[in-house]
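Secondary and tertiary structure notes
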Amino acid sequence: MALTRRGFLKACGASVAALGVGAKFAPPALEPGTRSVPKSPQKTNGVLIDTTKCVGCKQCQIACQKSKNLPADPKQVTLCAVSPSVVELRNISADPAKPEIKPIKRQCMNCVEPSCVSACTVGALQKTPEGPVIYDSNRCIGCRYCMYACPFGVPTFEWEKQFSLISKCDQCAERTQAGKLPACVEACPAKALTYGDRKELLTIANQRIYDGKGKYVEHIYGENEIGGTTMLYLASVPFEKLGFPTLPNEAPAEINATIMHSTPTVALGMAMALSGMYWLIRRRDELEAQPAYNHNEEGGH
Amino acid sequence: MVPQELIDGWLVTLMMGARIVFPILLVMTLGYWLQRKLQRADGSSVLTPNRRVMPLWYRRIMGELNALPAWLPTIGVLTAVGVTAMIFRLWVGLGASTNLNQAYPWGLWIGFDLFMVAFSGGAFTLATLVYVLQMHRFHAAIRPTVLTGLLGYTSVLVILLMDLGRWDRFYHFVIFPNINSALFEVSWCILLYTTVLITEFSPVIMQRFGWHRAMKIMQKITIPIVITGATLSTLHQSSLGTLFVIMTERLHPLWYTPLIPALFFVTSLAAGLAMVVAGATVSYWVFKRSLPQRLVGDLASFLPWILGIYLVLKFGELLGTGEIGLVWSSGYYSVLFITEILLTAVIPIAWFMSKTARASRMLSLVGAGIVLSGIFLNRFNAAWFALKPVEGYTYFPSIPEILIQMGVICGIIFVYTLVGHYLPLFEGTTKRGEEEEKRLAEPAPAPEAIQPGKAYHTS
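Throughout this document, residue positions are counted from 1 along each chain, in the order its sequence is written. Chains and ligands are labelled by the order in which they are written, letters from A for the one and numbers from 1 for the other. Thresholds applied to this predicted model are a pLDDT of at least 70 for local features of residues and 80 or more for the giving and counting of side-chain atom pairs; totals over whole chains, interfaces and linings are not thresholded and use all residues.

Thoughts on the overall build of chain A
Helix and strand counts for chain A stand at 10 helices and 9 strands. Distance between backbone-placed C-beta atoms decides contact: two residues are in contact if it is within 7 Å. At a minimum sequence separation of 6, the contacts of chain A that also span at least 24 residues come to 61%. By definition, any uninterrupted DSSP run of H or I lasting at least four residues is a helix, any uninterrupted run of E lasting at least two residues is a strand, and each is numbered from the N terminus.

This is the structure:
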């Protein structure tokens, strides 16, 4: 009996030790401050995009490509590896005979609680406390999970290359850290883009909606969507019409984190349950195999 | 009255089915034709000439080859075609070799990986039954099942490598962890669990080469290894579901639920058991050795319970969120969903509740096949069919994608057959014919006696 118990404890210990090999149970080595997702950001920068002021000149697109050392290509109309920011021309008219085109600047929304950062297998995508969601091309393995995770379909893949990576707007994290404006904001001749503290931008946006007296729809896209984004949009027509996805206010990253953080509990619970079951069944078999025990069972009762 | 949406849905599904079934039939016909072409009148393959003019070593090797099944060279050729396609894919990149695109960055390969991991779940399910719950009567099925699992996971690793944009950096998930990522957890668990499977399989090799001391050590650490394996499997079988938790906007609500990890885990148990049941019949035909059908039937009798739990979870979730109406009103998705539920759970539950089905090798194989096809559809729905469409994008696998997939599957069959031929894989199983003789010899099955340390089971 004592042997059995010792065997059981050994088995338990060995299982737990073997599980401990997995790095997931050890605290991962992180650079401080880069991985944490700010839940209610104290001061996060962002860009307010006023689509009513946009004239569709594509200067932002060209400036973006130049700042990323990509060939300037204003003809590019969809997000892709060589154009992390594009001006899409969207037809909002239901009547095909009379098209009504609205230019919409599209780029990474640099979410407050980004799904892609949760998804990234190797932590190549990270949320900085200043606002941008940055991408480390030296880490990326090209698994493309971020492309599915993103509710806006933003991250793009270098399909044409032999060794392919992800590409996306990072709100010009390097430029803003050096005190400069993001390339697109600097280039916009129509003053449709405003860079600044996200809270202040929300105040400005609300002020514009109030002052506009019906010029704008009463909705700042990105204020609450999917936990909030740092790229904020104002428009004169409902956002569904402009092709913006209708999104809930909860961030999927949070549900994901809840489930993922239960991993050690599940692992430990499963290992203990299986070890316990093994021990119980074995001990019962041993007891039943002892003639004295059986005799007592049958004779005593 | 059937809603118009449902009829349209059937049409779309039929079209899609035809696009999938037709190429498979084409490949199978080609394979059959190739096999016939490569066969001599006596059944041996032309790839293995046994000429007397050849040197002795050559004749010996060829003699060995001729002892193998005649269809094996065909499988080998198809594997080689797949390997060539892999080299092509690595050479030209993902864009040129696949039809994956911005809206469908994952496709056939990820669907296969999801299914293959569930299918290989038999290894941990059976090991838990035999070693942890000590149902020693199933012991003889352990080795073939562990080998299937090992080959399954290896194929998943190969396909994942093909799927990476920077496959040269595959080791990055070890050195750059992100604990919030389901894919990170899955990668780690698959890596560790493959190691566990290699350890679980190693006694077969040790026995072949007579390393008895190593085998003794292995026997001592079996229990902790099995418990580790089962724990790792619980984690990654469910985490493959967690992959979809973050895809709130992309996956159709009939499939999307935060419960999806639990659903994936439960179906992996069912797929694993179905794999053992189907494998028992297939090995009965191919290697003429298998578990007695009585035990296969015992294993199959677990299936209605597991699938019942699955049905309760699935419909409980749909009722709880009020999405139950979508089952009928989603057109194409309704058809996919109803087909999936029928194949995964409804038909197999009824099937395996019947004693007749459990007592027959053929009927058990068909039933297990239905379960596996249902879970296959379930995994492909999550990875491909049930994704909401994005304007301007469609996906259907390219020829290199299909060839690589076919090559990997043929590779599994190829290696399995070789191992079954050369290593003591079917130790303890019953030979074909023995089963009937035994039954005739002892007409009344003896009541199960309690024996110390073995042959006692709890169910």
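This is not the end of the story, as more comes after the structure.
What to know about the overall build of chain B
On a plain count of helices and strands, chain B comes out with 19 helices and 2 strands. Over its C-alpha atoms chain B spans a radius of gyration of 23 Å, differing by no more than 12% from the 23 Å that the globule rule assigns to 459 residues. Along the first, second and third principal axes, the C-alpha atoms of chain B reach 65 × 60 × 50 Å. A fraction of 81% describes how many contacts in chain B between residues 6 or more apart in sequence connect residues 24 or more apart. Only the C-alpha atoms count toward the radius of gyration. The rule for a globule is 2.2 Å times the residue count to the power 0.38.

Some words on unusual backbone geometry
All names here are of chain A. Residue lysine 191 is not a glycine yet carries a positive backbone phi of 55°. Of note, lysine 191 is situated in the loop between helix H6 (183-187) and strand E8 (193-197). The exposure label follows from counting other C-beta atoms within 10 Å of a residue's C-beta, where the C-beta atoms are placed from the backbone and the thresholds are 20 or more for buried and 12 or fewer for exposed, leaving partly exposed in between. Overall, lysine 191 belongs to the exposed group, with 9 C-beta atoms counted inside 10 Å. Although it is not a glycine, isoleucine 226 adopts a positive phi angle of roughly 50°.

Regarding the interface of chain B and chain A
Taken together, the contacts link 56 residues of chain B with 61 residues of chain A. For the side of chain B that touches chain A, the elements supplying multiple residues, two or more each, are helix H4 (94-97), helix H6 (122-132), helix H8 (172-175), helix H9 (182-209) and helix H10 (212-242) of chain B. If one sorts the elements of the side of chain B that touches chain A by residue count, H10(B) sits on top with 10 residues. Classifying every residue of the side of chain B that touches chain A gives 33 nonpolar, 17 polar and 6 charged. Only Asp, Glu, Lys and Arg are considered charged in this grouping, and only Ala, Val, Leu, Ile, Met, Phe, Trp, Tyr, Cys and Pro are considered nonpolar; every other residue, Gly among them, is considered polar.

With respect to the confidence of the model for chain A
pLDDT expresses how confident the predictor is about each individual residue, on a scale running from 0 to 100. Per-residue pLDDT for chain A averages 85, and the proportion of residues at 70 or more is 83%. Within the model, the stretch residues 11-39 of chain A combines pLDDT values under 50 with 47 contacts to residues more than four positions away or in other chains.

Quick notes on the nonpolar core
Note on terminology: a nonpolar core is a set of buried residues of type Ala, Val, Leu, Ile, Met, Phe, Trp, Tyr or Cys, with members joined through C-beta atoms within 7 Å. The biggest cluster of nonpolar side chains holds 190 residues, and the ones touching the most others in it are A:Cys146, B:Ala270, B:Ala274, B:Val277 and B:Leu372. It is helix H11 (residues 260-286) of chain B that provides the largest number of residues to this core, a total of 16 residues. In this structure B:Ala274 touches B:Leu303, B:Ala368, B:Val371 and B:Leu372, once residues within four positions along its chain are discounted.

Quick word on H10(B)
For a helix, the expected span equals 1.5 Å multiplied by the number of residues minus one. Over its 31 residues, H10(B) runs 43 Å from end to end, which matches the ideal 45 Å to within 8%, given 1.5 Å per residue. In this scheme, the bend at a residue equals the angle between the axes fitted to the seven residues that finish there and the seven that begin there. In the structure, H10(B) departs most strongly from a straight axis at B:Ile221, where the bend amounts to approximately 50° and where the proline B:Pro224 lies between one and four residues downstream.

A look at the environment of B:Tyr310
Residues and elements named next belong to chain B. With respect to the helices and strands, tyrosine 310 occurs in helix H13 (residues 303-320). Its 24 C-beta neighbours within 10 Å are what place tyrosine 310 among the buried residues. Considered as a pair, tyrosine 310 and alanine 262 are 48 residues apart in the sequence and their alpha carbons are 8.9 Å apart. Excluding residues within four positions of it along the chain, tyrosine 310 makes contact with Leu263, Val266, Thr267, Ala270 and Ala345.

Focus: the confidence of the model for chain B
Residues and elements named next belong to chain B. Summing up the model confidence of chain B, the mean pLDDT is 88 and the portion of residues at 70 or higher is 91%. Of the regions scoring below 50 in pLDDT, residues 442-459 engages in 16 contacts with residues more than four places distant in sequence or in other chains. For this predicted complex, the interface score ipTM comes out at 0.82, while the overall pTM is 0.84.

A short note on helix H1 (residues 4-37) of chain B
With 34 residues, H1(B) extends 49 Å from end C-alpha to end C-alpha; this agrees with the ideal 50 Å at 1.5 Å per step. Little of H1(B) is tucked away: 1 of the 34 residues are buried.

Details of the pairing of strand E9 (residues 231-234) of chain A
Residues and elements named next belong to chain A. Neither face of E9 is exposed, since Met231 and Tyr233 on one face and Leu232 and Leu234 on the opposite face are all buried. Summarising the sheet, strand E1 (residues 45-50) and E9 pair through 4 bridges and their orientation is parallel. Bridging from a neighbouring strand, aspartate 50 pairs with leucine 234 of E9. Pairing between strands requires that DSSP locate at least two bridges from one strand to the other.

Considerations on the sheet that holds E9(A)
Residues and elements named next belong to chain A. Read across the sheet, 3 strands follow the order E8-E1-E9 without closing on themselves; strand pairing throughout is mixed. The open sheet has two edge strands with one neighbour each: E8 and E9. Strand after strand, the sheet turns through a mean of 25° between neighbouring axes, direction not considered. Strand direction decides the pairing type here: E1 and E8, joined by 5 bridges, are antiparallel. Pairing of leucine 48 across the sheet is with threonine 194, part of E8. Relative to E8, helix H7 (residues 198-212) is tilted by about 135°, and along the sheet it contacts E1, E8 and E9. In this description, a line fitted to the C-alpha atoms serves as the axis of each element, helices being fitted only across the stretch in contact, and the angle between N-to-C directions of two axes falls anywhere from 0 to 180 degrees.

What about the environment of A:Arg144?
Its place among the elements puts A:Arg144 in the loop between strand E5 (133-135) and helix H4 (145-149). Classification of A:Arg144 as buried rests on a count of 25 C-beta atoms within 10 Å. Measuring from C-alpha to C-alpha, the distance between A:Arg144 and A:Ser85 comes to 19 Å, with 59 residues separating the pair along the chain. The contact partners of A:Arg144, leaving out residues within four places of it in the chain, are A:Phe157, B:Pro105, B:Trp106 and B:Gly165.

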